[in-house]
Amino acid sequence: MSRRRRKSEEDLLVALGALVLVGIVLVKVGQWVWAHWWVLVVLGLLVVLTVAALVYRKIGQMRAAQLRVEGLTYSLGQFDAMHHSAFEHAIRDLLARDGSRDALRCGGRGDLGADVKGHDPLGRYWVIQCKHRRNGLSGSAVGTPDLQTLNGTGRPVHKGDVVVLVTNGRISAPAREFARQQRLHLVDRSLLEQWARGRRPLWEVLPALPAPRSPRNQPPAEPAGR
C-alpha cells in the first residue's frame, strides 16, 4: 500500500472519529437540555428582559429629549451665564422647539462659521453662527469680520437658505450695514430675548426671509413614532 493511500485512509479515519465524537457530544447536550429545559427558559427570559430594558432606556432618552425642547424658554440672564458651547446647544434646542426636525449643533474647531444648522417646517435650511458675550451688552460688539466669515461660508459652503448670526450682546453699526448688504439676518440681544420667550418661532420673528422651498425640495418627513 502506498504512503499516499495510507495517509488518505488515516485522514478518513480521523474525520470519521471526529464526526462520531461530535455526534456523541450533541447527544449528550440534547439529553442535558431535555433534563434541564428550565435553564433554557430562564436564559430566554433574561434575554427578553435585557432587550426590554434597552428599549425602555432608548424610549426614555427620546422622551427626555422631547421634553427638553417642548415649551423651552430662556432668559437673558441664563444666556449670559452660559459657556459659549452651552449657548450653541441652547440655540439648537430653541430651533428644535420651533419645529426643526434636524436641528444640529455643529460648532467647534473647523466649523467654517456654522454653529447650528437645521431645516424649518417650510423646508428652508438655516445656518446659524453664535457669538456669545459673557458680559452681555457690556461685552465687545460683534463686528464686520465675524459677519464676513459667515458670509463667505453660509451659502457657498453650507448651502444655507437663511444665514443668521445670533448673539446675546450687541452688534456694531458697520456690521449691521454689512449684513443688510449681504442679506444676512441678525438676532441681537433684544430679538434673542423675544425669540427665547417661546411665543413665536424664529422664522416668524425675522423679517424678509426667502420664500419656502417647493415640496419636492423639502427634507423628507420622518416616519411616525420616531
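Let me sum up the structure you'll find in this document. (Residues numbered from 1 in each chain as written. Predicted model: local features only at pLDDT ≥ 70, side-chain atom pairs only at ≥ 80, totals over all residues. Heavy atoms only, no water.)

### Some points on the sheet that holds strand 4 (residues 162-167)
Backbone hydrogen bonds hold the strands of a sheet together, and the pairing may be parallel or antiparallel.
Part 1: Read across the sheet, five strands follow the order 1-2-3-4-5 without closing on themselves; strand pairing throughout is mixed. Across the chains shown, the open sheet's two edge strands, defined by having one partner strand only, are strand 1 (104-105) and strand 5 (185-187).
Part 2: Sheet analysis places strand 1 next to strand 2 (residues 116-119), joined by two bridges and oriented antiparallel. From the neighbouring strand, Arg105 faces strand 2, where its bridge partner is Val116.
Part 3: Along the sheet, helix 5 (residues 144-153) makes contact with strand 3 (125-131), strand 4 and strand 5, crossing strand 4 at roughly 150°. (Pairing = 2+ DSSP bridges. Helix = DSSP H or I, 4+ residues; strand = E, 2+ residues; numbered from the N terminus. Contact = heavy atoms within 4.5 Å. Axes fitted to C-alpha atoms, helices over the stretch in contact; angles between N-to-C directions.)

### Quick look at the pattern of salt bridges
Part 1: In this structure the tally under the stated criterion is nine salt bridges.
Part 2: Note that Arg92 and Asp93 form a salt bridge whose closest N and O atoms lie 2.8 Å from each other. The pair Arg92 / Asp93 is uniform in exposure class, with both members buried.
Part 3: With a shortest N-O distance of 2.8 Å, Asp188 and Arg176 are connected by a salt bridge. Of this pair, Asp188 sits in the loop between strand 5 and helix 7 (189-196) while Arg176 is found in helix 6 (residues 173-182), placing the two residues twelve residues apart along the sequence.
Part 4: Here Asp188 falls in the buried class, since its relative accessible area comes to 17%. (Salt bridge = Lys/Arg side-chain N within 4 Å of Asp/Glu carboxyl O. Buried < 20%, exposed > 50% of the residue type's maximum accessible area, 1.4 Å probe, protein only.)

### Structural notes on the packing of helix 5 against helix 6
Part 1: Following both chains from N to C, one finds helix 5 and helix 6 inclined at 20°, their axes separated by 8 Å at the closest point. As summarised for this structure, helix 5 and helix 6 are arranged roughly parallel, according to the angle between their axes. You can see that helix 5 and helix 6 cross each other, and the crossing is right-handed. Packed against helix 5, whose contacting residues are Thr144, Leu147, Gln148 and Asn151, the element helix 6 presents Pro174, Ala175, Phe178, Ala179 and Gln182 at the interface.
Part 2: Partitioned by chemical class, the residues of the contact of helix 5 with helix 6 number five nonpolar, four polar and no charged. (Parallel < 35°, antiparallel > 145°, perpendicular 65-115°, else oblique. Left-handed = near helix turned anticlockwise from the far one by under 90°. Nonpolar A, V, L, I, M, F, W, Y, C, P; charged D, E, K, R; others polar.)

### Brief notes about the nonpolar core
Part 1: With 27 residues, the main nonpolar core has Phe79 and Ile91 as its most contacted residues.
Part 2: Contributions of two or more residues to this core are made by helix 3 (76-81), helix 4 (84-97), strand 3, strand 4, helix 7 and helix 8 (202-205).
Part 3: No other element matches the five residues that helix 4 contributes to this core.
Part 4: Once residues lying within four places of it in the same chain are set aside, the contact partners of Ile91 are Val116, Ile128, Cys130, Val166, Leu192 and Trp195.
Part 5: If you look at the next biggest cluster of nonpolar residues, it comprises eleven residues, including Val163, Phe178, Ala179 and Leu186. (Core = buried A, V, L, I, M, F, W, Y, C linked by side-chain atoms within 4.5 Å.)

### So, the pairing of strand 2
Part 1: Of the two faces of strand 2, both are covered, the one formed by Val116 and Gly118 as well as the one formed by Lys117 and His119.
Part 2: By the bridge criterion, four bridges tie strand 2 to strand 3 in an arrangement that is antiparallel. Its bridge partner lying in strand 3, Gly118 is registered against Trp126.
Part 3: Here strand 2 folds back onto strand 3 in antiparallel fashion, the turn holding five residues, of which Gly123 has a positive phi close to 90°.

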